[in-house]
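# Descriptive analysis of the structure
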Protein chains: 4
Amino acid sequence: MSSALELFAERGYDATTIPMIASKAGVGAGTIYRYFENKEVLGNKIFQGYVDIFTATIKNGFPHEDSIRNQFHHIFKSMVHFTVKQDQALYFIKIHSGAHFLHEESHISFQGLLNIFKNFFDSGKERKEIKELPSSALIAIIYGAFLELQRLVRIGELVPEAKLLEDVEESFWDAVRLHI
Amino acid sequence: MSSALELFAERGYDATTIPMIASKAGVGAGTIYRYFENKEVLGNKIFQGYVDIFTATIKNGFPHEDSIRNQFHHIFKSMVHFTVKQDQALYFIKIHSGAHFLHEESHISFQGLLNIFKNFFDSGKERKEIKELPSSALIAIIYGAFLELQRLVRIGELVPEAKLLEDVEESFWDAVRLHI
Amino acid sequence: MSSALELFAERGYDATTIPMIASKAGVGAGTIYRYFENKEVLGNKIFQGYVDIFTATIKNGFPHEDSIRNQFHHIFKSMVHFTVKQDQALYFIKIHSGAHFLHEESHISFQGLLNIFKNFFDSGKERKEIKELPSSALIAIIYGAFLELQRLVRIGELVPEAKLLEDVEESFWDAVRLHI
Amino acid sequence: MSSALELFAERGYDATTIPMIASKAGVGAGTIYRYFENKEVLGNKIFQGYVDIFTATIKNGFPHEDSIRNQFHHIFKSMVHFTVKQDQALYFIKIHSGAHFLHEESHISFQGLLNIFKNFFDSGKERKEIKELPSSALIAIIYGAFLELQRLVRIGELVPEAKLLEDVEESFWDAVRLHI
DNA sequence: TATGAATGAGGGTTCATTCAT
DNA sequence: GATGAATGAACCCTCATTCAT
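As named in an unreviewed UniProt entry, chain A is TetR family transcriptional regulator, taken from Peribacillus muralis.

## Some words on the UniProt feature "domain: HTH tetR-type" (unreviewed entry) in chain A
In the numbering adopted here, UniProt assigns the feature "domain: HTH tetR-type" (unreviewed entry) to residues 1–54 of chain A. Taken end to end, residues 1–54 of chain A is 76% helix and 0% strand, and its first and last C-alpha atoms sit 16 Å apart.

## Comments concerning the protein's contact with DNA strand E
In the neighbourhood of DNA strand E, 29 residues make up the surrounding shell, with Thr31(A), Ile18(C), Thr31(D), Arg34(D) and Tyr35(D) lying closest. Counting only atoms of DNA strand E within 4 Å of the protein, the sugar-phosphate share comes to 74%. At a separation of 2.8 Å, a phosphate oxygen of DNA strand E approaches a polar side-chain atom of Tyr35(A). Within the backbone of Ile18(C), a nitrogen or oxygen atom sits 2.5 Å from a phosphate oxygen of DNA strand E. Counting residues per element, the ones that place at least two in the surface near DNA strand E are helix 3 (29–35) of chain A, helix 2 (18–25) and helix 3 (29–35) of chain B, helix 2 (18–25) and helix 3 (29–35) of chain C together with helix 3 (29–35) of chain D. The greatest single-element share of the surface near DNA strand E, amounting to 5 residues, is contributed by helix 3 of chain A. Partitioning the surface near DNA strand E into residue classes produces 11 nonpolar, 14 polar and 4 charged.

## Things to note about helix 1 (residues 2–11) of chain A
All names here are of chain A. All buried positions along helix 1 are accounted for by Ser3, Ala4, Leu5, Leu7, Phe8 and Ala9. Those residues of helix 1 that are buried are in contact with helix 2 (18–25), helix 4 (39–59), helix 6 (87–96) and helix 8 (135–154). With its phi angle positive at about 90 degrees, glycine 12 sits one or two positions after the end of helix 1.

## Considering the arrangement of the chains
With no contact formed, the shortest span from any C-alpha in chain A to any C-alpha in chain C equals 32 Å. Structurally, chain B and chain D remain out of contact, their C-alpha atoms never closer than 20 Å.

## Considerations on the interface of chain C and chain D
Chain C puts 31 residues into the contact, and the matching count from chain D is 31 residues. Interface of chain C and chain D: buried area, both sides summed, is about 2500 Å²; carbon and sulfur atoms make up 67% of it. Remark: the boundary between chain C and chain D carries 2 salt bridges. Its salt-bridge partner being Asp174(D), residue Lys131(C) comes within 2.7 Å of it at the nearest N-O pair. On the surface where chain C and chain D come into contact, there are 6 residue pairs in polar contact (both at pLDDT 80 or more). Mapped by element, the contributors of at least two residues to the side of chain C that touches chain D are helix 8 (135–154) and helix 9 (162–176) of chain C. Considering each element in turn, the side of chain C that touches chain D owes the most residues, 11 residues, to helix 8 of chain C. Partitioning the side of chain C that touches chain D into residue classes produces 16 nonpolar, 5 polar and 10 charged.

## Some points on the interface of chain B and chain A
Taken together, the contacts link 31 residues of chain B with 31 residues of chain A. Of the roughly 2500 Å² buried where chain B meets chain A, counting both sides, 67% is carbon and sulfur surface. Where chain B touches chain A, the interface holds 2 salt bridges. Listing elements by their share of the side of chain B that touches chain A, those giving two or more residues are helix 8 (135–154) and helix 9 (162–176) of chain B. A total of 11 residues in the side of chain B that touches chain A trace back to one element, the largest contributor, which is helix 8 of chain B. Along the lines of polarity and charge, the residues of the side of chain B that touches chain A split into 16 nonpolar, 5 polar and 10 charged.

## Overview of the protein's contact with DNA strand F
Inspection of the region around DNA strand F gives 28 residues, with Thr31(B), Arg34(B), Tyr35(B), Thr31(C) and Arg34(C) positioned closest. By atom count, sugar and phosphate contribute 75% of the portion of DNA strand F lying within 4 Å of the protein. Between DNA strand F and Ile18(A), the relevant distance is 2.6 Å, taken from a phosphate oxygen to a main-chain nitrogen or oxygen of the residue. Measuring from a phosphate oxygen of DNA strand F, one finds a side-chain N or O atom of Tyr33(D) at 2.8 Å. Of all elements in the fold, only helix 2 of chain A, helix 3 of chain B, helix 3 of chain C together with helix 2 (18–25) and helix 3 of chain D reach the threshold of two or more residues within the surface near DNA strand F. With 5 residues, the single largest contributor to the surface near DNA strand F is helix 3 of chain C. Broken down by class, the residue content of the surface near DNA strand F amounts to 11 nonpolar, 13 polar and 4 charged.

## What about the relation of the copies chain B and chain A?
Of the transformation superimposing chain B on chain A, the axial component is 0.2 Å and the angular component is 178 degrees, with the fit at an RMSD of 0.5 Å. Taken together, these values place the two copies in the relation of a two-fold axis. When you check the interface residues of chain B against chain A, 100% turn up at the interface there too, and the contact is symmetric in its surfaces.

## Side note on helix 5 (residues 68–85) of chain D
Residues and elements named next belong to chain D. Counted at 1.5 Å a residue, the expected span for helix 5 with its 18 residues is 26 Å, and the 26 Å between its end C-alpha atoms agrees. Every buried residue of helix 5 is accounted for by Ile68, Gln71, Phe72, His74, Ile75, Phe76, Ser78, Met79, Val80, Phe82 and Thr83. Next to the buried residues of helix 5 lie helix 4 (39–59), helix 6 (87–96), helix 7 (104–126), helix 8 (135–154) and helix 9 (162–176).

## Points about the relation of the copies chain C and chain D
For the pair chain C and chain D, the superposition axis carries a translation of 0.1 Å, the fit reaches an RMSD of 0.5 Å, and the rotation angle comes to 178 degrees. In this assembly the copies share their binding face: 100% of the residues contributing to the interface of chain C also contribute to that of chain D.

Parameters and conventions
Counting restarts for each chain, with residues numbered from 1 along the sequence as it is written. In the order they appear in the text, chains get letters beginning with A and ligands get numbers beginning with 1. Given that this is a predicted model, residues contribute local features only at a pLDDT of at least 70 and side-chain atom pairs are listed and counted only at 80 or more, while totals for whole chains, interfaces and linings are drawn from all residues. The side-chain numbers reported here are obtained from all heavy atoms of the structure, hydrogens and water having been left aside. UniProt positions are given in the numbering used here, feature names are shortened, and annotations may be inferred rather than shown by experiment. The numbering of helices and of strands both runs from the N terminus, where a helix is a DSSP run of H or I of at least 4 residues and a strand a run of E of at least 2. Proximity is defined per residue: any heavy atom of the residue falling within 4 Å of a molecule or strand makes that residue near it. Residues adjacent in sequence count toward polar contacts only when both atoms are side-chain atoms; beyond that, a polar contact is any pair of N or O atoms within 3.5 Å, and within protein one must be able to donate a hydrogen and the other to accept it. Each residue is assigned to one class: nonpolar for Ala, Val, Leu, Ile, Met, Phe, Trp, Tyr, Cys and Pro, charged for Asp, Glu, Lys and Arg, and polar for all the others, Gly among them. Each residue is placed in one exposure class: buried if its accessible area under a 1.4 Å probe, protein chains only, is under 20% of its type's maximum, exposed if it is over 50%, and partly exposed if it falls in between. Contact criterion: two residues are considered in contact whenever any of their non-hydrogen atoms come within 4.5 Å of each other. What counts as buried area is the accessible surface, traced by a 1.4 Å probe, that two parts surrender upon association, with contributions from both included. Salt bridge, as used here, is a side-chain nitrogen of Lys or Arg placed within 4 Å of a carboxyl oxygen of Asp or Glu. Least-squares fitting of one copy onto the other uses the C-alpha atoms of those residues that reach a pLDDT of at least 70 in both copies. Take the residue count of a helix, subtract one, and multiply by 1.5 Å to get its expected span.

Structure follows, in structure tokens:
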């Protein structure tokens, strides 16, 4: 799975062949079919797997009782944390989140991820601390911006130092918070 | 080209076949090869074509002498304008901007687009009106957020009404402006 | 036809396209189909046409009453003559004389050509001036040797000067004549 | 390879399709690509392979110390020997020796074959036993005549009995030897 | 259980042929 | 009559998938 992830992230699902994956994993091509029905299933397993890890990372230790700002900080920190550990995974998710090979189940997993954000923004709006934009829009802003930034980190155009992360978090927070 | 654009945007370059494009365009598969040397050239022509239109849209009437805020407004308005006219195009550009089939020329066109943003942010930082983040990061935030929002519009989850656009612009501006 | 001949000789029948021929002839591709039903017919027309000219060249002024040696001289001279005028044609005939696209009629034309040689050799054998080999073998020797020589001339490895031609004729005659 | 050889010899390289070869060989079309990078490589492998075998056949047991006449006999015998074993191969070589798909390496192999003949004729001319024709011409005569004869054997018009071979060898020798 | 040779459907592409102009 | 854009069958080739070992 990690061989497949790397290749899918590097070359895209369609441009990656099963023999490539097998060779990178050091197994025979046929062996892959003992563990995954076919390439599509493999792609979905990886997609769901990492989306779920991402989701779990954010859920883990979420400060439900804390302030909105601190909840936001937790989310941001979790995203960075996941990204650092799984930069291939996030890039893979980004470029394949609308891919033709994804099953309904994968889309649902993805929605689950987005829902965490949704819940957060909904409660933030209730408390008049978050802008009165549709939550889906707020998610799109944070998620889209974050993934694009991550792309820059990936290609080496940006180095994720503490100061930068702090500034980016500030920018994100400014984007969504309600300015009085 | 518009048939190809639609399919490339929907399914991605690799998952789109020439017969699919031909069929959607209502022509024979061979006909495509009278106008484009091969699939790769077709992909690049479309990519460059729309990137250039996007670039031109932003450059057109850019208020160089106006305030940073008004320049930002022009950029945002231009992005919306282009998106409304060419919703497929922007999504196509997004998911293929690092694709393996792109020629050097296409990358340069894309860089040209990003440079407009860069120049804007650089001058904004000089005037102390924009956050002290690397311009590439600021671009990523705006560009990433915008494209993700546009995806929602595309799939019908968001309706781009005047009020929404206004709020989104405000959010974007908050994200990049220097809060005193 | 001459454009087609040149291309067929240079690249072979299969590697020559109708648009190539049209372009070389300075006409539209469709125009060719006003004069030849299809590519196959064109190929056959050319093959037959030149085989017939070759045949006529040899028949023309054949010294039926003269000595075998002089008849041989006439044949050799005619072959050279035809070759000089139509070097493409002979090469085309050589490399396509067993080609898949030839119709029965073309094969018959070709047989007609070989028959002239056959008659000559048969009468020579009767007069005990030609070796007692099957006429088909004698033809093969002269015809095969001549065409291979012609190939060398074509590619510039041999210059067909008078002395060379004389020597080659001598060699050919030695090959077939009965040495007492 | 033998299926390909047969088809290439019968129909020519260009008119032979990979599916034809696969079907004749009783394998799937894709299987061929496990053993040969592409059709061109297959064609060259076959060409070189047989040219090399032909070359080896002549070199094998060549009587360097013997008389020119006996050396000639060895060459002729070798040609016949090779032809009997590989009748398709020689015809394939003949009709493709100038073909567009041949790599430089194949041309060199072919030149190597012709060089054996060249060396033989050169030494024969030195000893005043061979006609004073360019060696390339002498080769063309023997090679061309032989291949044309072989064609007749292939199509059944000539039966290669001992007597015939003896007579043909005599004819060939007469063609090239210096008549005092 | 693991393998990788074999398969053949399907992709990109070419080109003989047609036909509206 | 001449044209050349359009066509689609058929080519070469790739690769997901199978299955005998």
